[in-house]
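One letter stands for each residue in the lines below.
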Amino acid sequence: SRVISLAVIPGDGIGPEVVAEALNVLQAATDGGDAAFDTTQYALGAARYLATGDTLTDEDLAAVSQHDAILLGAVGGTPGDPRLAGANIERGLLLRLRFALDHYVNLRPSVLFPSVPSPLADPGDVDFVVVREGTEGPYVGNGGAIRVGSANEVANEVSVNTAFGVERVVRYAFAAASARPRKKLTLVHKTNVLVFAGGLWKRIVDEVASEFPDVTVDYLHVDAATIFLVTDPARFDVIVTDNLFGDILTDLAAAISGGIGLAASGNINPDGRFPSMFEPVHGSAPDIAGQGIADPTAAILSVALMLDHLELPEAADRVRRAVVADVAERGEGHRSTSEIGAAIVDRIRAH
Ligand code: NAD
Ligand code: IPM
Ligand code: MN
């Protein structure tokens, strides 16, 4: 039987709480199947940084890179903690992993499952996926500041967009749209102001479109996209956008499709040169950490995305079917993290 080597980075805050449930679900969904997961845990995150000063050493990176896939909970300390100023964890750990492992596709599906309450009165059929660029944009650290702290301070954070980087993610998004029933791609940018980066994105989308005549192409400025995500989310099928717009839009997308506790993501290296990394969209949620009340569903659905990526579609479907059934029966009563995880495991084992 196939043995898949999985790196697990539980991380900080609610990360370890939700990852424990996700691993139970992974076990249940793959029990007796033809793939077995061999997991190795890595204690990385803010807690480790505060104790040792290390975020992700070269040795850590080399070790994690050897695995077939990575499951991450969430990393990051309490916002505002002066010891974590400078985004050490976000940049030094999470973004370093995404960049070093060339996760140029950040895949963030948004599906409003049946009977799940949405804050929208009439959401319609919400089923779209955001293909967020993962290695460029304003995230790359191409910035600097002078005269810091003075009245004349100047701070720059330059968005980097390369033809190579834009084309590969746009191509992936077209292929994804072409494989979906509605075959629609929406580029979201801000071409009316960001003429250089926006111009590059627009031109590349227009060029690649000629190779995918079956895909309908649409364009929205990012501000207008936030309107339509709230007033008419059913208009979206595949959204392709840059790293920062994609970050912001996917928290909004989570909110309209059942909440941040349900939003899953995959940081994909489509070339297969490096392991892809699966994680909930949410962070370490310091406001609820340690209470056992975090919703593990986003981490569990991230396991389903991982199983898809590893070409184990039946196991992925087992997870998704159990989640869909579980969320459909969620009433007002609040269950704990482990109660939700156990209920989903029970549903998988009952089939
Ligand atoms: P957050 O996503 O951690 O929390 C935002 C809000 O959503 C909070 O009220 C939180 O309680 C709630 N929430 C999040 N996940 C939930 C869940 N599973 N169930 C129920 N409620 C949930 O965002 P934040 O507060 O802006 O960031 C906290 C820390 O996490 C920061 O250090 C940030 O940098 C980091 N972060 C990490 C990741 C990651 O590891 N991928 C992602 C986002 C933020
Ligand atoms: C996310 C997070 C990260 C991002 C942060 C923590 C670096 O918000 O995964 O959405 O901005 O990508
Ligand atoms: Mn985010």
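Rules behind the numbers
- Residues numbered from 1 in each chain as written.
- Chains lettered and ligands numbered in written order.
- Predicted model: local features only at pLDDT ≥ 70, side-chain atom pairs only at ≥ 80, totals over all residues.
- Helix = DSSP H or I, 4+ residues; strand = E, 2+ residues; numbered from the N terminus.
- Buried ≥ 20, exposed ≤ 12 C-beta atoms within 10 Å, placed from the backbone.
- Contact = placed C-beta atoms within 7 Å.
- Near = placed C-beta within 6 Å.
- Nonpolar A, V, L, I, M, F, W, Y, C, P; charged D, E, K, R; others polar.
- UniProt positions renumbered as here; feature names shortened; annotations may be inferred.
- Domains from an automatic or database assignment.
- Core = buried A, V, L, I, M, F, W, Y, C linked by C-beta atoms within 7 Å.
- Expected span 1.5 Å × (residues − 1).
- Arc of directions from axis to C-beta.
- Pairing = 2+ DSSP bridges.
- Axes fitted to C-alpha atoms, helices over the stretch in contact; angles between N-to-C directions.
- Parallel < 35°, antiparallel > 145°, perpendicular 65-115°, else oblique.
- Left-handed = near helix turned anticlockwise from the far one by under 90°.

Some points on the overall build of the chain
What the chain contains, in helices and strands, is 11 helices and 12 strands. Viewed in the frame of its principal axes, the chain has a C-alpha envelope of about 55 × 50 × 40 Å. The proportion of buried residues among the 351 residues of the chain is 46%. For the chain, restricting intrachain contacts to residue pairs at least 6 apart in sequence, the fraction spanning at least 24 positions comes to 77%.

Focus: the site of ligand 2
The local shell around ligand 2 consists of Gly76, Glu90, Leu94, Leu95, Asp247, Val281 and Gly283. It is helix α4 (residues 88–100) that provides the largest number of residues to the shell around ligand 2, a total of 3 residues. Partitioning the shell around ligand 2 into residue classes produces 3 nonpolar, 2 polar and 2 charged.

Concerning the UniProt feature "site: Important for catalysis" (unreviewed entry) in the chain
UniProt's entry tags Tyr139 and Lys190 with the feature "site: Important for catalysis" (unreviewed entry), counted in the numbering of this structure. Assignment of secondary structure puts Tyr139 in the loop between β5 (127–133) and β6 (143–146). Excluding residues that lie within four positions of it along the chain, Tyr139 makes contacts with Leu95, Asn243 and Leu244. Lys190 sits in the partly exposed class, given 19 other C-beta atoms within 10 Å. Apart from residues lying up to four places away in sequence, Lys190 is in contact with Gly198, His221 and Val222.

Points about the domain arrangement of the chain
Annotation of the chain at the domain level lists domain 1 (1–111 + 261–351) and domain 2 (118–127 + 134–141 + 157–241 + 251–257). For domain 1 versus domain 2, the separation of C-alpha centres amounts to 25 Å. Residue composition of the side of domain 1 that touches domain 2, by class: 9 nonpolar, 4 polar and 4 charged.

Concerning the nonpolar core
Membership of the largest hydrophobic core comes to 98 residues, with the highest contact counts inside it found for Ala22, Val25, Leu71, Val131, Ala173, Val303 and Val319. The element best represented in this core is helix α9 (residues 297–309), accounting for 9 residues. Residues from two domains meet in this core; each of domain 1 (1–111 + 261–351) and domain 2 (118–127 + 134–141 + 157–241 + 251–257) gives at least three. Beyond its immediate stretch of four places on either side in the chain, Val303 contacts Ala22, Val25, Leu26, Leu71, Phe278 and Val319.

What about helix α8 (residues 243–256)?
Side chains that are three or four residues apart share a direction in an α-helix, a result of its 3.6 residues per turn. The end-to-end C-alpha separation of α8 is 20 Å, in line with the 20 Å expected for 14 residues at 1.5 Å each. By the burial criterion, the buried members of α8 are Asn243, Phe245, Gly246, Leu249, Thr250, Ala253 and Ala254. An end-on view of α8 places all buried positions within 160° of arc, on one side of the element. In this structure, the buried side of α8 is in contact with β4 (105–111), β5, β8 (184–189), α7 (222–231) and β10 (238–241). A positive backbone phi angle near 110° is found at Gly258, which sits one or two residues after α8.

A look at the sheet that holds β5
Pairing is mixed across the open sheet formed by 10 strands, whose spatial order is β2-β1-β3-β12-β11-β4-β5-β10-β8-β9. Across the chains shown, the open sheet's two edge strands, defined by having one partner strand only, are β2 (35–41) and β9 (216–221). Between one strand axis and the next, the sheet turns through 25° on average, direction left out of account.

What about the UniProt feature "binding site: substrate" (unreviewed entry) in the chain?
As annotated in UniProt, the feature "binding site: substrate" (unreviewed entry) corresponds to Arg98, Arg108, Arg132 and Asp223 in the numbering used here. Spanning 126 residues, the named residues do not form one spatial group; their C-alpha atoms are separated by as much as 26.5 Å. Counting through the fold element by element, Arg132 comes out in strand β5. Taking the C-beta count within 10 Å as the criterion, Arg132 has 28 such neighbours and is therefore assigned buried.

Focus on the packing of helix α5 (residues 163–178) against helix α6 (residues 195–209)
It is the contact of α5 with α6, at a shortest axis distance of 10 Å, that shows an interaxial angle of 45°. In terms of their interaxial angle, α5 and α6 are classed as oblique. Handedness of the α5/α6 crossing: right-handed. Contact residues: Ala163, Val166, Glu167, Val170, Arg171 and Phe174 in α5; Leu200, Trp201, Ile204, Val205 and Val208 in α6. The class makeup of the residues in the contact of α5 with α6 is 9 nonpolar, no polar and 2 charged.

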